[in-house]
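Structure at a glance
What follows is the residue order along each chain.
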Amino acid sequence: MSKFSFLTERLQSLRTNLQEPELYELSIRQGEGRVVATGALAMETGAHTGRSAADKFIIRDAETENSIWWDNNKSLSPEKYEVLLEDFLAHAAAKNLFRQDLYAGSDAKYRVNAQVFTELAWQSLFIRHLLIVPPTDELPGYEPEFVVIALPSFRADPDRHGVRSDTVIACDFTRKLVLIGGSSYAGEIKKSVFTYLNYVLPPKDVLPMHCSASEESDGGNTAVFFGLSGTGKTTLSADPTRTLIGDDEHGWSDRGIYNFEGGCYAKTVRLSKEYEPDIFAASNRWGAVLENVILHPETRQPDFDDTTLTENTRAAYPLHYVPNASDTGASGHPKNIVMLTADAFGVLPPIARLTPSQAMYHFLSGYTAKVAGTEKGITEPQATFSTCFGAPFMPRHPSVYGNLLRELIKKHNVNCWLMNTGWTGGKYGVGHRMPLKHTRALLSAALSGELNNAEFRRDSVVGLEVPIAVEGVPSELLDPRSTWADKAAFDVQARQLSEMFAENFRTFERTVDEDVLRAGPVVIVPAA
């Protein structure tokens, strides 16, 4: 008997593994969204236009008590969860749900059979795009290992269920079940799967990573790109001269890199055909799901510059919509790891080489900066640190992921780089954004091996090795201080950023080796 038989007994009315055309048609017929002139499907997600991190809970039981990083994850008692589960299933039983039997992970050795129930047809289409659809001949023997149920119409009761609001994401790692209620934002489904993989894979010596990955068109020379939203992770990995393995979530095992997903979930704010042609084309194809993208009222053309609903506009589409996407979703061990940051303070160099200890430091730091206008109340650049470049999805302590990364880097002799795609010549509002053509030139030099033979200097701010000259890149751009008109202002800003790094890293002082502690930015006062 299946361990999820208690669900199938309660969820009787199901539409199972419907394919894209029927889900598209049903979503329109049921009034869930609108047809876009390009053939895409436009959806609005209501009050929640992003993840509701404050409403995410992990059930704290005997299995999870000593394995979860509770400083980063909210707990829910088994007693309250039992009440929530019963109410949730009672609500679900009255719905005509959609079910998708999918794979999470392109590597058969480590993949997880992820079964997803949704209340809405478009969410079923979304997750069919995002995860991996099994071949038809593998479905008869399919047995779920992990289940997600998403019911936007369910409303939690904080007093009765022990939660914060009427929205809830309850992760039961013991039963391998996630309940999502009160939110239509489909990213909650995708990230619930990722959170589960972040829990179950490290004990198997597989590093789950919030990253994009690509390889040379003829195979090999794999590169991994870490970065928070807005740093260029998707843009830089979508290189027409390379094969895209995946744009967001991967595992690194004894067999190499493999994609957790079968699709892309790209940010579309200010998306343009000129700068991101592959993402633009994929977002405008038939069946792509656009979240909270404004349409022209008459032509139904998408306006990717309109942020009326949110800055977090998204497009979900299958990976094969990208012309140079990998057929297998897997590659060998990486030769290069690139950690991306959008430094709005204008201090970090456009590229720097990292030792394994420095790579672990910056991986645990997960630094970028928010700029004015991206969120309500932000008027000046604000440092953001999200450990492992994905703290909201990390159930285990960051040292678990950091130590795995350092071991893999050493074992496979991987080159590691820190790239600043943010500001130069001054902080946000004074300087300007790092030119994309120069970022691409630096990245190309790193991935091709050209930088391995370059001459480096030790940067006085980050304490990292920075190339002195790279073909196609102005030499002054490689020295951030030289791009500032006010050198004294740069020194003040550099010290402030260094102090921000040090303050953030104090939480890891007891869990990392001394060489990692010494790997952070230490400002050296330049000679007068």
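Residues numbered from 1 in each chain as written. Predicted model: local features only at pLDDT ≥ 70, side-chain atom pairs only at ≥ 80, totals over all residues. Heavy atoms only, no water.

**A word on the pairing of strand 14 (residues 249-253)**
By the criterion of burial, strand 14 is predominantly enclosed, with 5 of the 5 residues buried. Covered by surrounding structure in strand 14 are Glu249, Gly251 and Ser253 together with His250 and Trp252, the residues of both alternating faces. Inspection of the sheet shows strand 11 (residues 207-216) paired to strand 14 by 4 bridges, in the antiparallel sense. From the neighbouring strand, Leu207 faces strand 14, where its bridge partner is Trp252. With 4 bridges connecting them, strand 14 and strand 15 (residues 256-259) associate as antiparallel partners. Across the sheet, His250 pairs through a bridge with Asn259, a residue of strand 15. (Buried < 20%, exposed > 50% of the residue type's maximum accessible area, 1.4 Å probe, protein only. Helix = DSSP H or I, 4+ residues; strand = E, 2+ residues; numbered from the N terminus. Pairing = 2+ DSSP bridges.)

**With respect to helix 2 (residues 20-29)**
Of all the residues in helix 2, the buried ones are Leu23, Tyr24, Leu26 and Ser27. Taken around the axis of helix 2, the buried residues stretch over an arc of 170°, which confines them to a single face. Check the buried side of helix 2 and you find it contacts strand 1 (14-16), strand 2 (34-35), strand 3 (41-43), strand 6 (97-104) and helix 4 (121-130). A positive backbone phi angle near 75° is found at Gly31, which sits one or two residues after helix 2. (Arc of directions from axis to C-beta. Contact = heavy atoms within 4.5 Å.)

**Observations concerning the nonpolar core**
Among the nonpolar cores identified, the biggest contains 51 residues, and Phe226, Trp252, Ile337 and Met339 are the most heavily contacted of them. Formed by 49 residues, the second largest nonpolar core is a distinct cluster that contains Phe126, Ala150, Ala186 and Tyr199. (Core = buried A, V, L, I, M, F, W, Y, C linked by side-chain atoms within 4.5 Å.)

**With respect to helix 9 (residues 356-365)**
Most of helix 9 sits inside the fold, with 9 of its 10 residues counted as buried. For helix 9, the set of buried residues is Ser357, Gln358, Ala359, Met360, Tyr361, His362, Phe363, Leu364 and Ser365. Count one or two residues on from helix 9 and you reach Gly366, which has phi positive near 55°.

**Quick notes on the state of the cysteines**
Counted by the stated rule, this structure contains 0 disulfides. With no disulfide of its own, Cys264 lies 13 Å from the sulfur of Cys211, the closest cysteine sulfur. (Disulfide = S-S within 2.5 Å.)

**Points about the pattern of salt bridges**
Summed over the entire model, instances satisfying the criterion amount to 29 salt bridges. Measuring nitrogen to oxygen at the nearest pair gives 2.6 Å for the salt bridge that ties Glu261 to Lys190. One end of the pair, Glu261, is in the loop between strand 15 and strand 16 (263-267); the other, Lys190, is in helix 6 (residues 187-200), and 71 residues separate them in sequence. Residue Glu261 shares its accessibility class with Lys190, and that shared class is buried. The salt bridge partner of Arg406 is Asp513, with a shortest N-O separation of 2.7 Å. Taken together, the positions of Arg406 in helix 10 (residues 398-412) and Asp513 in the loop between helix 13 (487-505) and helix 14 (514-517) put the pair 107 residues apart, joining distant regions of the chain. For Asp513, a relative accessible area of 43% puts it in the partly exposed group. One salt-bridge network, in which partners are shared between bridges, spans Lys190, Lys191, Lys233, Asp248, Glu249 and Glu261. (Salt bridge = Lys/Arg side-chain N within 4 Å of Asp/Glu carboxyl O.)

**Concerning the sheet that holds strand 2**
If you walk across this open sheet you meet the 5 strands as 2-3-17-20-16, and the pairing is mixed. The open sheet is flanked by strand 2 and strand 16, the only strands paired with a single partner. Of the pairings in the sheet, the one linking strand 16 to strand 20 (residues 314-318) comprises 5 bridges and is antiparallel in character. Residue pairing in the sheet places Gly263 in a bridge with Pro318 of strand 20.

**Overview of the side chain of Ser253**
Structurally, Ser253 is set in strand 14. We classify Ser253 as buried; its relative accessible area is 1%. Within the structure, Ser253 has its side chain in polar contact with the backbone nitrogen of Arg255 (distance 3.0 Å). (Polar contact = N/O pair within 3.5 Å; in protein donor to acceptor, adjacent residues only side chain to side chain.)

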